[in-house]
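# Remarks on the overall topology
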Amino acid sequence: MTIAVAPAEPVPTRFTESRSDPFSRSPINPVSAERRHLDQLAQAGADLFEVGLATEDAVLDGPVIQAAYHRALRRGNALDAAVRAVEHAAGLRPTVVMTYWEPVRRHGPEHLARLFADAGAAGGMVVDLAHHVARWHDTAREAGLRTPHLIPRTTPDTSLPAAVAGASGWLYAPASTAPTGYQGPVDIPALGHFTRRLSSVSPLPVVSGVGISTPALAARVAPVVTGSSRPTR
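Below, the structure is looked at part by part. As the structure is a computational prediction, the values presented were derived from the model and not from experiment. (Residues numbered from 1 in each chain as written. Predicted model: local features only at pLDDT ≥ 70, side-chain atom pairs only at ≥ 80, totals over all residues. Heavy atoms only, no water.)

Moving on: the overall build of the chain. Secondary structure assignment for the chain yields nine helices and eight strands. Classification of the 233 residues of the chain by burial places 53% in the buried group. Looking at the chain alone, contacts between residues at least 24 apart form 73% of all its contacts between residues at least 6 apart. Summed over its atoms, the accessible surface of the chain is roughly 10,100 Å², and 55% of this surface lies on carbon and sulfur atoms. (Helix = DSSP H or I, 4+ residues; strand = E, 2+ residues; numbered from the N terminus. Buried < 20%, exposed > 50% of the residue type's maximum accessible area, 1.4 Å probe, protein only. Contact = heavy atoms within 4.5 Å. Areas by Shrake-Rupley, 256 points an atom, 1.4 Å probe, with all protein chains shown as cover.)

What follows concerns the packing of helix 5 (residues 109-119) against helix 6 (residues 133-143). Between helix 5 and helix 6, the least distance of the axes is 9 Å, while the angle of their chain directions is 35 degrees. Crossing handedness for the pair helix 5 and helix 6: right-handed. Counted together, Pro109, Glu110, Ala113, Arg114 and Ala117 of helix 5 and Arg135, Trp136, Thr139, Ala140, Glu142 and Ala143 of helix 6 form the full contact between these two elements. Along the lines of polarity and charge, the residues of the contact of helix 5 with helix 6 split into six nonpolar, one polar and four charged. (Axes fitted to C-alpha atoms, helices over the stretch in contact; angles between N-to-C directions. Left-handed = near helix turned anticlockwise from the far one by under 90°. Nonpolar A, V, L, I, M, F, W, Y, C, P; charged D, E, K, R; others polar.)

Among the nonpolar cores identified, the biggest contains 22 residues, and Leu53, Val86, Phe116, Trp136 and Leu145 are the most heavily contacted of them. Only strand 2 (49-53), helix 3 (78-90), helix 4 (101-107), helix 5 and helix 6 provide two or more residues apiece to this core. Those residues in contact with Val86 that sit more than four places away from it in its chain are Val51, Thr95, Val97, Phe116, Ala119 and Ala121. Ile151, Leu160, Leu204 and Val225 belong to the second largest nonpolar core, which has 19 residues in total. (Core = buried A, V, L, I, M, F, W, Y, C linked by side-chain atoms within 4.5 Å.)

Before going further, it helps to spend a moment on the packing of aromatic side chains. In the structure shown here, the tally under the stated rule is one aromatic pair. Summarising the aromatic geometry, the rings of Trp170 and Tyr172 are spaced 5.8 Å apart at their centres and angled 45 degrees between planes, so their arrangement reads as tilted. (Phe/Tyr/Trp six-rings, centres within 6.5 Å; stacked < 30°, edge-to-face > 60°.)

Before going further, it helps to spend a moment on the packing of helix 3 against helix 5. For the pair helix 3 and helix 5, interaxial distance at closest approach is 8 Å and the crossing angle is 35 degrees. On helix 5, the residues touching Leu79, Ala82, Val83, Val86, Glu87 and Ala90 of helix 3 are Leu112, Leu115, Phe116 and Ala119. Classifying every residue of the contact of helix 3 with helix 5 gives nine nonpolar, no polar and one charged.

With that out of the way, let us pick up the side chain of Ser202. With respect to the helices and strands, Ser202 occurs in the loop between helix 8 (188-199) and strand 7 (206-208). Among the polar contacts made by the side chain of Ser202, one reaches the main-chain amide nitrogen of Leu204 at a distance of 3.1 Å. The contact partners of Ser202, leaving out residues within four places of it in the chain, are Val164 and Leu171. (Polar contact = N/O pair within 3.5 Å; in protein donor to acceptor, adjacent residues only side chain to side chain.)

For the rest of this paragraph, the subject is the environment of Ala134. As for its placement among the helices and strands, Ala134 is situated in helix 6. With 32 residues separating them in the primary sequence, Ala134 and Gly166 have C-alpha atoms 8.1 Å apart.

We now examine the pattern of salt bridges. Pairing between side chains of opposite charge can happen when the charged atoms of each approach one another. Within the structure shown, the criterion is met by six salt bridges. The salt bridge involving Asp157 is made with Arg197; its shortest N-O contact spans 2.6 Å. Taken together, the residues span a long stretch of sequence, with Asp157 in the loop between strand 5 (149-150) and helix 7 (160-164) and Arg197 in helix 8 at a distance of 40 residues. When its relative accessible area of 51% is taken as the criterion, Asp157 is described as exposed. Classification of Arg197 by relative accessible area gives buried; the value is 15%. Three or more residues are tied together by salt bridges with common partners; here these are Glu102, Arg105 and Arg106. (Salt bridge = Lys/Arg side-chain N within 4 Å of Asp/Glu carboxyl O.)

Our next topic: helix 6. Taken together, the buried positions of helix 6 are occupied by Trp136, His137, Thr139, Ala140 and Ala143. On the buried face of helix 6, the contacting elements are helix 4, helix 5, strand 4 (123-126) and strand 5. Downstream of helix 6 by one or two residues, Gly144 has phi in the positive range, about 85 degrees.

Take the environment of Arg141 next. Mapped onto the secondary structure, Arg141 falls in helix 6. For the pair formed by Arg141 and Ala113, sequence separation is 28 residues and the distance between their alpha carbons is 8.9 Å.

What follows covers unusual backbone geometry. If you check the backbone angles, Val210 has positive phi at about 70 degrees while not being a glycine. Inspection of the secondary structure assignment puts Val210 in the loop between strand 7 and helix 9 (215-221). Since its relative accessible area comes to 13%, Val210 is described here as buried.

What is shown is where atoms sit, not what they do.
As structure tokens, this is what we get:
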């Protein structure tokens, strides 16, 4: 869910408007089914794709995505399937990979960044970078990838500058503080307030996901952020 431009280029105008960003938990289905689904999403109006790379301990994700990741890992082809999904998705819309530090560490940051960059990814969002921020930023930048940051809403104002430092492409503001898959009410005013807090410390676009479970809710979220993300299945 980022932009397919060189690191030195500005964010395109098309990304400064409200956008729809489906999230694909790859791999779940056979390759042919995955590709058909991505084609249908693009035809339905998706502007950007986010492809998830499986990990054992997806602490920000709910039981549905965790179960999908565990199935993918048991099959033993999680990385290859994610690369294939990125290759196809990137031929349709700008595509970003979303994952955790554990698979990045296991496969090697340099190898993973180059692999997804060669597949056509525009960026990679590692949601739990912690002490590995500088290494991932340098590695991704060398590969030509953007590095969006997920910023928890609980981040205090004093910590926001450090939280957004080095981010590129966009900032991800979760609509809910619950794990992914949450389908309850979303505090739109609180999300709007958080978006303004982020905009006060960074010029990057702000997108949102987590808890945006229906098109109607996405329409309500859209006015307070740049774009929104929903799981595809």
